[in-house]
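Descriptive analysis of the structure
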Amino acid sequence: MVDFAAANAVIFATFGVAATYRAAGAGDGLAVTIIRDRPTADAVAFGTTLRAHAQIIHVQVAEVAVLAKGDSFTIGAEVLTVAGAPRLDGLSTMWTAEC
């Protein structure tokens, strides 16, 4: 059987970036590793197609046990705030959230 937690650890070590996690966007923070994803999404409104750049982050449950709307991740001077309800993957090893 595949050890998905170990596989995620390798992926995060390879593609992750260092960030500081803050519950509700406050406090001293916790050093974590996140993977950033910036897909584009097309939205049609009033007959016009608008292209928006989304900001998606992935963080391991082993580093952030509970993730909620309003939590934040700081990378350098940039602050990414969780905008909606985060989702767990099927094995409960990784959070995905839109910021």
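Residues numbered from 1 in each chain as written. Predicted model: local features only at pLDDT ≥ 70, side-chain atom pairs only at ≥ 80, totals over all residues. Heavy atoms only, no water.

Some thoughts on the side chain of T96
Formally: A run of H or I in DSSP counts as a helix once it spans at least four residues, and a run of E counts as a strand once it spans at least two, with each numbered from the N terminus. Each residue's exposure class comes from its accessible area (1.4 Å probe, protein chains only) as a fraction of the maximum for that residue type: buried when under 20%, exposed when over 50%, partly exposed otherwise. What qualifies as a polar contact is a pair of N or O atoms within 3.5 Å, subject to a donor-acceptor requirement within protein and to the restriction that residues adjacent in sequence count only when both atoms come from side chains. Every residue pair with non-hydrogen atoms within 4.5 Å of one another is taken to be in contact.
Following the sequence through the fold, T96 ends up in strand β9 (residues 94-98). Given a relative accessible area of 14%, T96 falls into the buried group. A distance of 3.0 Å separates the side chain of T96 from the side chain of H58, its partner in a polar contact. Not counting residues up to four positions away in its chain, the partners in contact with T96 are I56, I57, H58, P86 and R87.

Here we look at the pairing of strand β5 (residues 56-60)
Definition in use: Any two strands with at least two DSSP bridges between them are considered paired.
Burial runs high along β5: 5 of the 5 residues are buried. Neither face of β5 is open: one carries I56, H58 and Q60, the other I57 and V59, and all of them are buried. With 4 bridges connecting them, strand β2 (residues 30-37) and β5 associate as antiparallel partners. Following the sheet pairing, R36 is matched in β5 by I57. Note that β5 and β9 share 5 bridges and pair antiparallel. Following the sheet pairing, H58 is matched in β9 by T96.

With respect to the pairing of strand β4 (residues 48-53)
With 0 of its 6 residues buried, β4 lies for the most part at the surface. Direction of pairing for strand β3 (residues 40-45) relative to β4: antiparallel, over a ladder of 6 bridges. Among the inter-strand pairings, V44 is bridged to a residue of β4, identified as T49. Joining the antiparallel neighbours β3 and β4 is a turn of 2 residues, in which F46 adopts a positive phi near 55°.

Examining the environment of I34
As for its position among the elements, I34 is in strand β2. With relative accessibility at 0%, the residue I34 sits in the buried group. Taking the C-alpha atoms as reference points, I34 and L67, separated by 33 residues in sequence, lie 13 Å from one another. Other than its neighbours up to four places away in sequence, I34 contacts F12, G16, V17, A19, I57, H58, V59, F73, I75 and L80.

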